[in-house]
Amino acid sequence: MSVAVSDIKRHTFLEDAQAIIAGTLMIALGINFYTQVGLLTGGTAGIAFLLNYLTSFSFGQIFFVINLPFYWLSIRRIGWEFTLKTFAAVFLVSVFSDITPMFLHLNDINPIYASIAGGFLIGVGFVMLFRHNASLGGLNILARYLFQTRGVPIGKFMMAVDCSVVLMSIFVVDISLIAISVLGAIVLNFMLVMNHKPGRYSVSF
């Protein structure tokens, strides 16, 4: 059943702001779980993880820079509101992920626990962003575009992408950590498949 835009109560600026801040804090914490034990994820963040492990640049620095080209697609295909919220979310995740170790020290964490807990944290953070018309840029912009225009479930699309990126990292990290990372990707995208479905939180296009 189609829902008219006028029939949906829009979130206020304060509601959007608190959701984006809370969501990005959760995502940043999940990212730190991953980086502490050398795990990976997929999509644009997965590329940032790989470059972080291979270079002296931080995850936040790399993640912010490699997202820049995707804003063009976002502006042209989705709109300024989504683009600005996404830019804010990417900026906050970049900052929060780099400063979290200043306040929280994860010196001894089991990789499997880090994968599962981190996957849930990032997944919940994603759902919060999606429900407030934002994302973490990169391939998430493409996923959002396909969701809005073709009805392609975000979780299923990102699961395929994420697992592909994780598997391509075989030359960078230990094979056992790749297997654990795949577990994290499944947990993350399970959260999206279960909690973000067409027609539930967005209007028809």
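In this text, all values refer to a predicted model and were calculated from it rather than measured experimentally.

1. What about the overall build of the protein?
Part 1: Across its full length, the protein carries 9 helices and 0 strands.
Part 2: Relative to the globule expectation of 17 Å for 205 residues, the C-alpha radius of gyration of the protein, 16 Å, shows essentially globular dimensions.
Part 3: Principal-axis analysis of the C-alpha atoms places the extent of the protein at approximately 50 × 30 × 30 Å.
Part 4: Put simply, the protein has 205 residues, and 50% of those count as buried.
Part 5: Across the protein, every contact between residues at least 6 apart in sequence was considered, and the portion connecting residues at least 24 apart equals 74%.

2. Regarding helix α3 (residues 59–67)
Part 1: Along α3, the residues classified as buried are F59, G60, I62, F63 and N67. Take α3 and look down its axis: the buried residues cluster within an arc of 165°, on one side only.

3. A look at the pattern of salt bridges
Part 1: Evaluated as defined, the whole model comprises 2 salt bridges.
Part 2: Connected via shared salt-bridge partners are D16, E81 and K85.

4. With respect to the packing of aromatic side chains
Part 1: Summed over the entire model, instances satisfying the criterion amount to 9 aromatic pairs.
Part 2: Ring centres of F126 and F130 lie 5.8 Å apart, and the angle between their planes is 10°; this geometry places the pair in the stacked category. Here F126 and its partner F130 are both found in helix α6 (residues 111–131), 4 residues apart, which amounts to about one turn of the helix. Assigned by exposure class, F126 and F130 land together as buried.
Part 3: An aromatic cluster is built from Y34, F49, Y53, F59 and F63, whose rings are joined through pairwise contacts.

5. What to know about the side chain of T100
Part 1: With respect to the helices and strands, the residue T100 is situated in helix α5 (residues 80–103).
Part 2: Reaching out from T100, the side chain makes a polar contact with the backbone oxygen of F96 at a distance of 2.5 Å.
Part 3: Apart from the residues lying within four places of it in its own chain, the contact partners of T100 are A28 and N32.

Cut-off values and rules
- Just so you know, the residues in each chain are numbered from 1, in the order the chain's sequence is written.
- Whole-chain, interface and lining totals are the exception, using all residues; otherwise, since this is a predicted model, local features are given only for residues with pLDDT of at least 70 and side-chain atom pairs are given and counted only at 80 or more.
- Computation of side-chain values: all heavy atoms of the structure, hydrogens and water removed.
- Here a helix means four or more residues in a row that DSSP labels H or I, a strand means two or more in a row labelled E, and each is numbered from the N terminus.
- Here the radius of gyration uses the C-alpha set of atoms, whereas the globule reference equals 2.2 Å times the residue count to the power 0.38.
- Only protein chains enter the accessibility calculation, which uses a 1.4 Å probe. A residue is then buried if its area is under 20% of the maximum for its type, exposed if over 50%, and partly exposed in between.
- Note on contacts: a residue pair qualifies if any of its non-hydrogen atoms lie within 4.5 Å across the two residues.
- Here, the arc refers to the directions that run from the helix axis to the C-beta atoms.
- A carboxyl oxygen of Asp or Glu within 4 Å of a side-chain nitrogen of Lys or Arg is what we treat as a salt bridge.
- Any Phe, Tyr or Trp ring, taking Trp's six-membered ring, that has another such ring centre within 6.5 Å forms a pair; planes under 30 degrees apart are called stacked, those over 60 apart edge-to-face, and the others tilted.
- Pairing of N or O atoms within 3.5 Å defines a polar contact, subject to two protein rules: one partner must be a possible hydrogen donor and the other a possible acceptor, and residues neighboring in sequence count only if both atoms are side-chain atoms.

On their own, these measurements won't tell you what the molecule is for.
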